[in-house]
Amino acid sequence: MRFSEFALTTLKEVPAEAEIVSHKLMLRAGLIRRLSSGLFTWMPLGLRVLRIVESVVREEMDRAGALELLMPTVQPAELWQESGRWEQYGPLLLRMQDRHDREYCFGPTHEEVITDVARRELRSYKQLPVNYYQIQTKFRDEIRPRFGVMRSREFIMKDAYSFDLDQEGLQQSYDRMHAAYTAIFKRLGLKFRVVDADSGEIGGSRSQEFHVLADSGEDAIAYCDADHYASNIETAATFPSAGERSAATQELEKFATPGVKAISDLCAMLDITPAQTVKTLIVDGTDGPVALILRGDHELNAVKAQKLEGVASPLTMADTGTIIKALGAEPGSLGPVGMALPTYVDHAVASMADFSCGANENGYHYKGVNFGRDLPDPETFDLRNVVTGDPTPGGTGTLSIARGIEVGHIFQLGSKYSEAMKATVQAPDGTNRVMEMGCYGIGITRIVGAAIEQNHDDNGIIWPGPLAPFNVVIVPINMHRSDEVREASEALYAELTDAGLEVLLDDRDARPGVKFADAELIGIPHRVVIGDRGLSKGEFEYRHRRDTESRDLKREEVLKLLKDLPIS
Ligand code: ATP
Ligand code: MG
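Owing to the predicted nature of the structure, the values given are computational and were not obtained by experimental measurement. (Residues numbered from 1 in each chain as written. Chains lettered and ligands numbered in written order. Predicted model: local features only at pLDDT ≥ 70, side-chain atom pairs only at ≥ 80, totals over all residues. Heavy atoms only, no water.)

(A) Representation of the site of ligand 1 in the model. Among the 14 residues in the neighbourhood of ligand 1, the closest are listed as Arg140, Glu142, Arg151, Ser152 and Glu406. Here an oxygen atom of ligand 1 sits 2.7 Å away from a polar atom, N or O, in the side chain of Arg151. Contact distances for ligand 1 include 2.7 Å between an oxygen atom and a side-chain N or O atom of Glu406. Here ligand 1 has 580 Å² of accessible area as a free molecule, and 84% of this is covered by the chains. Elements supplying a minimum of two residues to the shell around ligand 1: strand E8 (154-164) and strand E20 (400-414). Ranked by the residues each element gives to the shell around ligand 1, the list is headed by E20, at 4 residues. Classifying every residue of the shell around ligand 1 gives 5 nonpolar, 4 polar and 5 charged. (Near = heavy atom within 4 Å. Polar contact = N/O pair within 3.5 Å; in protein donor to acceptor, adjacent residues only side chain to side chain. Areas by Shrake-Rupley, 256 points an atom, 1.4 Å probe, with all protein chains shown as cover. Helix = DSSP H or I, 4+ residues; strand = E, 2+ residues; numbered from the N terminus. Nonpolar A, V, L, I, M, F, W, Y, C, P; charged D, E, K, R; others polar.)

Below, the structure is given as structure tokens:
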């Protein structure tokens, strides 16, 4: 490709709407352009990267025996009513009507449609296993579209759905997808981790996520390499503490705390740390409000809390009016002593002694609170996020926390959809059996953002080799004044292109500085500069995007280096 014919507009300024590096760089490098909230156009340069991701995913899915099909993006409401999700899915689902007032949605995912396909197509166990997949546009009306293509409303997903006769077959299909995903992210040259995950909205049992590791990731991952343990923090479990609680040393004392609204106010007043306080959160229960009690420095884990019996799902904070009506005090002065509501105490709280908390009376707190004396010894629950240093489930290691971007997700759905939609096949014994399903998603568009988030510097993107939109950029110096430079550049361009490389020839009549800056911004791995001075010695100037210095290499050396590149 000749730069002069590529119509690429790069931006020097950082666009105000972009919060994180990948979004900024994707806009600056001209990979995407915003149309409206959560909607983006993939420009020619960005589309090259997207197509690479798609082709790697497609190859590995095909290799794993999955069958590509293409379902409609628009889905009839009836199917969603059959599975029960028309009501459940909520505002994430973009709903619409046709001219006959029939209801539809724009597919955020395709379990219903594929189950409809499978119940029509698959009749006998002899046809199984089957794993159908597609690479297709989804729409989710995200509450907060942000980070560009990483959390957009319209995005491209590879979604696959396996059908098996029994759990054993499902496990095999799932394992095959686990292996295929591992191969995909390795081939794309990304640093990633596989973590245990919550199965969330979609239902089912076993589920794992593939995360690209990056400091800006929205998800926190708890891991311990020694214990071979990794889990999304949403599901990483905490445990009752093994040790004895220390004995009470203080008397219970109620004291006035005017103006104290937050844990930090209380700590400042008493000169204590948040770990010596407990906080009380009132949330909706299935039968009126309930209280959740956590150590002051710990964070509530909504995914775990909403699974507890008696707690409403999705987790919803009670409003102040409800709290005052139930307890006669405002949030900020609440605590477990004399708590009138059903109470769920976190495991970690049970080992505290001499702690401080609200007194369920506006403007008053307690200090020197002790279980067994001031309030009964509690039954405890897993309510909080793990923190660095917490024990692993095996109990032999301790957890570290890393941040990740979820780029893939594999689930064992079991019979949730096949049962609701009566997707059965004839089993060997002649009876009809409901099929076991798995589903497997990859965020094709999100991968591009995640790759940049993991691979960039102050000057721009640094594409991992396999993802680069061009393998090589040739930068001629004064091409428009020097015949030698033009001829040498054209000849190298032709030879590398013939060798199967994607080459960008920067034939613009622009200053070298401008060309270098653009080449770095768009992140092309290999740069060859051709100028009169080098040519007189038969040399080109070569530099890898990750190098700090250029090297003068003979033409043959450059050719050898570039032609030996693995092209995926
Ligand atoms: P998240 O937790 O990030 O909202 P999810 O768990 O709802 O994602 P899945 O239903 O598992 O997403 O979808 C499969 C994959 O699609 C995800 O792993 C992710 O890579 C991608 N994806 C999901 N939502 C978006 C989005 N709004 N924008 C871009 N990619 C997305
Ligand atoms: Mg997911």
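(B) Just empty space enclosed by the protein, in detail. The full count for this structure, using the stated rule, is 1 cavity of 30 Å³ or more. Sorting the residues of the lining of the largest cavity by element identifies helix H13 (512-522) and strand E29 (539-544) as the ones contributing at least two each. Tallied by class, the residues present in the lining of the largest cavity amount to 4 nonpolar, 1 polar and 4 charged. (1 Å grid on protein atoms, 1.4 Å probe; cavity = no way out; pocket = protein on both sides within 12 Å on 5 of 7 lines; lining within 4 Å. Points joined across faces, edges and corners; volume = space filled by probe spheres on them.)

(C) Just H13, in detail. For H13, the complete set of buried residues consists of Lys515, Asp518, Ala519, Glu520, Leu521 and Ile522. Lining the buried residues of H13 we find helix H1 (21-28), helix H2 (44-63), strand E25 (460-461), strand E26 (472-476), strand E27 (503-505) and E29. Gly523 sits one or two residues past H13 and shows a positive phi near 80 degrees. (Buried < 20%, exposed > 50% of the residue type's maximum accessible area, 1.4 Å probe, protein only. Contact = heavy atoms within 4.5 Å.)

(D) Main features of the packing of aromatic side chains. Within the structure shown, the criterion is met by 12 aromatic pairs. Measuring from ring centre to ring centre gives 6.0 Å for Phe106 and Phe139, while their planes differ by 65 degrees; the resulting arrangement is edge-to-face. Taken as a pair, Phe106 in strand E6 (residues 103-106) and Phe139 in strand E7 (residues 130-139) lie far apart in primary sequence, 33 residues in all. Take Phe106: its relative accessible area is 17%, and that puts it in the buried class. With a relative accessible area of 8%, Phe139 lands in the buried category. With a centroid separation of 5.6 Å and 45 degrees between ring planes, the pair formed by Phe355 and Phe371 is classed as tilted. Of this pair, Phe355 sits in strand E17 (residues 355-358) while Phe371 is found in the loop between strand E18 (364-369) and strand E19 (380-381), placing the two residues 16 residues apart along the sequence. Connected via pairs of aromatic rings, a cluster forms that spans Tyr181, Phe185, Phe192 and Phe210. Over the face of the ring belonging to Trp86 we find Arg95, whose NZ or CZ atom lies 4.7 Å from the ring centre. One residue, Lys254, lies across the ring of Tyr364, its end atom 5.7 Å from the ring centre. (Phe/Tyr/Trp six-rings, centres within 6.5 Å; stacked < 30°, edge-to-face > 60°. Lys NZ or Arg CZ within 6 Å of the ring centre and 35° of its normal.)

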